[in-house]
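What follows is the residue order along each chain.
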Amino acid sequence: MSNPEGAETAGEPGPPARPARDAATPTPARPALPAPATRAVELRHLRAFLAVADEGNVTRAAAHLGLTQPAVSRTLAALERHLGIRLVDRSTHHLALTPEGVAFRDKAAAAVAAFDEALDTGRLRHWPLRLGHAWSAFGPYTTPLLRGWQERYPATPLELLRIDDRTAGLTRGEVDAALLRGPVEAPGLVTEVLFTEARVAAVTADGPLAARTSLRLADLADGPVVLNTVSGTTTPALWPPEARPAATLTVANTDDWLTAIAAGRGHGVSAASTAAMHPHPGVAYVPLDDAPGVPVLLARRDGPGHPALPKLAALAREIVAQG
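Residues numbered from 1 in each chain as written. Predicted model: local features only at pLDDT ≥ 70, side-chain atom pairs only at ≥ 80, totals over all residues. Heavy atoms only, no water.

**Thoughts on the side chain of arginine 130**
Here is the rule we go by: The helix count covers DSSP runs of H or I at least four residues long, the strand count covers runs of E at least two residues long, and both are numbered beginning at the N terminus. Accessible area is worked out with a 1.4 Å probe on protein chains only. A residue is then buried under 20% of its type maximum, exposed over 50%, and partly exposed in between. Think of a polar contact as two N or O atoms within 3.5 Å of one another; within protein, one of them needs to be a possible hydrogen donor and the other a possible acceptor, and neighboring residues in sequence only count if both atoms come from side chains.
Here arginine 130 is to be found in strand E3 (residues 129-133). Residue classification places arginine 130 among the buried positions, given a relative accessible area of 8%. In this structure the side chain of arginine 130 is engaged in a polar contact, spanning 3.1 Å, whose partner is the backbone oxygen of glutamate 174.

Shown next, in the form of structure tokens:
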């Protein structure tokens, strides 16, 4: 005769009976499982993200890195999981950085640049001081600064680097300090105003405005105004609200800005030192009577930096004071 389900078979004792538990006794909670191990972010994750950010396309980023497209996609996804944020908007054929991705890009670039620089054995022997600028450098004080530095500190090379970026590569870790113009709102920077430059109009050399001894902002508002939206300081807000330019043409660097003006596609506004530092046969520079000046700043990142930065700031102040 078969036993009912759960009954013990004769000669085969069942498992020992569990002691009775009082209904009021709480059941002990199970110990929490350890969180899954998270792989640390490696340099390859940052390089993959920066390649995608620069190329705007995973396929081109993979070709740049010498990897396959799936490998780059997996690496980028792993970085996003680690950070817990979406860095890249994949909703369009042309990838775009999310606001979080834009903020992270500068930090990632600075980290990669610092790593690469630390392993550069040539720079370990002679640690150069990298000074960035987007255009016009230190204006009329550029040559005195370079010569004065070489005379006083020959063991520390001063490298003047033009980088077409609003902070001249400073927030991306490409330079140690930067000479910038106009207000700079990038977080994490410390700035010092060294001097203020007058503004000038840049007009087509064979146009009617080139023969004038001076101009006003209103003289430029009737035609298109060429704006360098990447590293320039001029925006439509320079004009009064009721007298803004009729049209604007945007470019990405000083060379394209000069070319557009020389071709008669519009006028421009810049700092006075642009006339000396960026002469062009097709462009005439004319003083502007009613435009506010442009502050010239020495900027550095907030935190430990190149040990020669205080000497650079002191020399720059001294040269400006000497005139």
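Now that the structure has been shown, we can carry on.
**Topic: the pairing of strand E12 (residues 294-301)**
Note the threshold: Only strands joined by at least two bridges in the DSSP assignment are considered to pair.
Strand direction decides the pairing type here: strand E5 (residues 177-181) and E12, joined by 5 bridges, are antiparallel. Looking at the pairing, alanine 177 lines up with arginine 300 of E12. Where strand E6 (residues 189-197) meets E12, 8 bridges bridge the pair, whose relative direction is antiparallel. Residue pairing for E12: leucine 189 is matched across the bridge by arginine 301.

**What to know about the pairing of strand E7 (residues 199-204)**
A regular strand carries its side chains on alternate faces of the sheet. For E7, the tally of buried residues reaches 6 of 6 residues, placing the bulk of the element in the interior. In this sheet, strand E10 (residues 268-271) lies alongside E7 in antiparallel orientation, the contact comprising 4 bridges. Bridge assignment links arginine 199 to a residue of E10, and that residue is alanine 271. Sheet topology places E7 next to strand E11 (residues 283-287); 5 bridges connect them, and they run antiparallel. Within E11, the position partnered with valine 200 by the bridge is proline 287.

**Some thoughts on helix H6 (residues 142-152)**
This is how the line gets drawn: Working note: the arc is built from the helix axis to C-beta atom directions. When checking whether two residues touch, look at their non-hydrogen atoms; a contact exists if any pair is within 4.5 Å.
Those residues of H6 that fall on the buried side of the exposure criterion are Thr142, Leu145, Gly148 and Trp149. With its buried residues spanning 140 degrees around the axis, H6 presents them on a single face. Across H6 from its buried face, at more than 90 degrees, point the exposed residues Arg147 and Glu151. Packed against the buried residues of H6 are E3, strand E4 (158-162), helix H9 (273-277) and helix H10 (309-322).

**Some thoughts on the packing of aromatic side chains**
The geometry of two aromatic rings is summed up by the distance between their centres and the angle between their planes. Counted only if it meets this: Note on ring pairs: Phe, Tyr and Trp rings are taken, using the six-membered ring of Trp, and paired if centres are within 6.5 Å. Classes follow the plane angle, with under 30 degrees stacked, over 60 edge-to-face and the rest tilted. Should the NZ of a Lys or the CZ of an Arg lie within 6 Å of a ring centre and within 35 degrees of the ring normal, that charge is described as sitting over the ring.
For the structure shown, the criterion picks out 5 aromatic pairs. With centroids separated by 5.0 Å and ring planes inclined at 80 degrees, the aromatic side chains of tyrosine 141 and phenylalanine 195 adopt a geometry described as edge-to-face. Of this pair, tyrosine 141 sits in the loop between E3 and H6 while phenylalanine 195 is found in strand E6, placing the two residues 54 residues apart along the sequence. Both residues of the pair, tyrosine 141 and phenylalanine 195, belong to the buried class. Through successive ring pairs, a cluster of aromatic residues spans Phe138, Tyr141 and Phe195. Of note, arginine 181 hangs over the ring of tryptophan 135, and the distance from its end group to the ring centre comes to 5.2 Å.

**Observations regarding the nonpolar core**
Worth spelling out the cut-off: Put simply, buried Ala, Val, Leu, Ile, Met, Phe, Trp, Tyr and Cys residues joined by side-chain atoms within 4.5 Å make one nonpolar core.
With 21 residues, the main nonpolar core has Leu131, Phe138, Leu298 and Leu312 as its most contacted residues. Elements represented by at least two residues in this core include exactly E3, H6, E5, E6, E12 and H10. When residues of this core are assigned to their parent elements, the largest contribution, 7 residues, is made by H10. Those residues in contact with leucine 131, other than ones at most four positions away along the chain, are Leu145, Leu158, Glu159, Leu160, Leu161, Val175, Ala177, Ala178, Leu179, Leu298 and Leu312. Of all hydrophobic cores here, the second largest spans 18 residues; its members include Leu46, Ala51, Leu76 and Val112.

**Notes on the pattern of salt bridges**
Spelled out, the test is: Think of a salt bridge as a Lys or Arg side-chain nitrogen and an Asp or Glu carboxyl oxygen that are within 4 Å of each other.
Considering all chains together, one arrives at 13 salt bridges under this definition. Arginine 44 is the salt-bridge partner of glutamate 42, the closest N and O atoms lying 2.7 Å from each other. Exposure remark for arginine 44: the relative accessible area of 38% places this residue in the partly exposed category. The partner of arginine 162 in a salt bridge is aspartate 164, and the shortest N-O contact between them spans 3.4 Å.

**Observations concerning the sheet that holds E12**
For clarity, the threshold we go by: Every axis in this analysis is a line fitted to C-alpha atoms, fitted for helices over the stretch in contact. Angles between the N-to-C directions lie between 0 and 180 degrees.
Taken in spatial order, the 5 strands of this open sheet run E4-E3-E5-E12-E6, and their pairing is mixed. The sheet is open, and its two borders are formed by E4 and E6, each paired with just one other strand. Strand-to-strand twist across the sheet, computed as the mean angle between neighbouring axes with direction ignored, equals 25 degrees. In terms of strand pairing, E3 meets E5 through 3 bridges, oriented parallel.

**Let's talk about the packing of helix H1 (residues 43-55) against helix H3 (residues 69-83)**
To be explicit about the condition: Here is the rule for angles: anything less than 35 degrees is roughly parallel, anything more than 145 is roughly antiparallel, 65 through 115 is roughly perpendicular, and the remaining ranges are oblique. Polar here means any residue outside two lists: the nonpolar Ala, Val, Leu, Ile, Met, Phe, Trp, Tyr, Cys and Pro, and the charged Asp, Glu, Lys and Arg; Gly therefore counts as polar.
Remark: H1 packs on H3, axes separated minimally by 9 Å, with the N-to-C direction vectors making an angle of 110 degrees. Here H3 runs roughly perpendicular to H1, going by the angle between their axes. In this structure, H1 uses Arg44, His45, Ala48, Phe49 and Val52 to contact H3, whose residues at the interface are Val72, Thr75, Leu76, Ala78 and Leu79. Considered class by class, the residues forming the contact of H1 with H3 number 7 nonpolar, 2 polar and 1 charged.

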